[in-house]
Amino acid sequence: MTCQHMKFEASCKVARLEDSGRFMLEARVRCTECGTPFQFLGLPPGLNLEGATVSIDGLEANIAICPQGQRPNPMQGLMGYELKGFN
Ligand SMILES: [Zn+2]
């Protein structure tokens, strides 16, 4: 029977980039029943210290983060809040 992918394991780790002093969240998700890793959708491949990207194989999201208060809160830009891919 094909796995319905009902149970997941998400692994996250935070990397501190020594040269720039910046922080990056590295996230992966896989189904714990069949082991299939999940691909991240809609992220450009690469590394972006000011945004979110995905690894070349699509399986690791790299999301730039910073301590609260160092940057303007995204809620201040709520007019640009986007919803995509809903039907
Ligand atoms: Zn599965």
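Keep in mind that this is a model prediction, so the values were computed, not measured.

J.: Could you give an account of the overall build of the protein, naming the residues involved and the relevant values?
T.: Each helix and strand counted, the protein has zero helices and four strands in total. Element order for the protein, N to C, with α for helix and β for strand: β-β-β-β. Since a compact globule built from 87 residues should have a radius of gyration of about 12 Å, the 16 Å found for the protein marks it as more spread out than a globular shape. The principal-axis extents of the C-alpha atoms in the protein amount to approximately 50 × 35 × 20 Å. For the protein, long-range pairs separated by at least 24 residues make up 34% of all intrachain contacts whose partners lie at least 6 apart in sequence. Accessible surface, the protein: about 7,100 Å² in total, of which carbon and sulfur atoms supply 57%.

J.: Before we move on, could you go through unusual backbone geometry and cite the residues and values that matter?
T.: Excluding glycine, residues mostly have negative phi values, and the peptide bonds linking residues are mostly trans. Positive phi outside glycine occurs at H5, with the angle close to 55°. In this fold, H5 is placed in the segment before β1 (8-17).

J.: Mind laying out the coordination of the zinc ion, listing which residues take part and the relevant values?
T.: Coordination of the zinc ion by the protein comes from C3 (SG), H5 (ND1), C31 (SG) and C34 (SG), over a distance range of 2.1 to 2.4 Å. Classification of the site at the zinc ion rests on its four donor atoms, whose angles at the metal span 106 to 112°, yielding the label tetrahedral. Donor residues for the zinc ion sit on one chain with the sequence pattern C-x1-H-x25-C-x2-C. With C3 in the segment before β1 and C34 in the loop between β2 (22-31) and β3 (52-54), this pair connects stretches of sequence that are 31 residues apart. Its relative accessible area of 38% is what places C34 among the partly exposed residues.

J.: I'd love a proper account of the sheet that holds β3, names of residues and values included.
T.: An order of β1-β2-β4-β3 is seen for the four strands of this open sheet, with the pairing classed as antiparallel. Among the strands making up the open sheet, the edge pair consists of β1 and β3. This sheet shows a mean twist of 20° between the axes of neighbouring strands, independent of strand direction. Pairing of β1 with β2, which is carried by 10 bridges, proceeds in the antiparallel orientation. For K13, the partnering residue across the bridge sits in β2 and is E26.

J.: Could you give me a rundown of the state of the cysteines, with the residues and numbers involved?
T.: Here a disulfide denotes a covalent bond joining the sulfur atom of one cysteine to the sulfur atom of another. Under the definition given, this model contains zero disulfides. As a non-bridged cysteine, C12 has C66 as the owner of its nearest cysteine sulfur, 17 Å distant. Overall, the relative accessible area of 53% leaves C12 in the exposed class.

J.: Help me get a handle on the side chain of N62, residues and values and all.
T.: Relative to the elements of secondary structure, N62 occurs in strand β4 (residues 61-65). Apart from residues lying up to four places away in sequence, N62 is in contact with M24, L25, E26, L47, G51, A52, T53 and S55.

What counts, and at which threshold
Residues take numbers from 1 onward in each chain, read along the sequence in its written order. The predicted origin of the model limits local features to residues at a pLDDT of at least 70 and limits the giving and counting of side-chain atom pairs to 80 or more, whereas totals for whole chains, interfaces and linings rest on all residues. Side-chain calculation: all heavy atoms of the structure are included, whereas hydrogens and water are not. To qualify as a helix, a DSSP run of H or I must reach at least 4 residues; to qualify as a strand, a run of E must reach at least 2; elements of each kind are numbered from the N terminus. For the radius of gyration, the atoms used are the C-alpha atoms, and the globule rule reads 2.2 Å times the number of residues raised to 0.38. Any two residues whose heavy atoms approach within 4.5 Å at even a single point are treated as in contact. The accessible surface values rely on the Shrake-Rupley method and a 1.4 Å probe; as for residues, cover is taken only from the protein chains in view. Listed donors are limited to N, O and S atoms within 2.8 Å of the metal, widened to 3.2 Å for Na, K and Ca; water is not among them, so incomplete-looking sites are possible. Only two sets of limits are used to name each site, 85 to 135 degrees for every angle of a tetrahedral four-donor site, and over 155 degrees for opposite donors with all other angles from 65 to 115 for a square planar four-donor or octahedral six-donor site, with any other site named irregular. The rule is simple: take the accessible area with a 1.4 Å probe, protein chains only, and divide by the maximum for that residue type; under 20% is buried, over 50% is exposed, in between is partly exposed. In short, DSSP must find at least two bridges between two strands for them to pair. Fitted lines through C-alpha atoms give the axes, limited to the stretch in contact for helices. The angle between two N-to-C directions lies from 0 to 180 degrees. Pairs of cysteine sulfur atoms within 2.5 Å are identified as disulfides in what follows.

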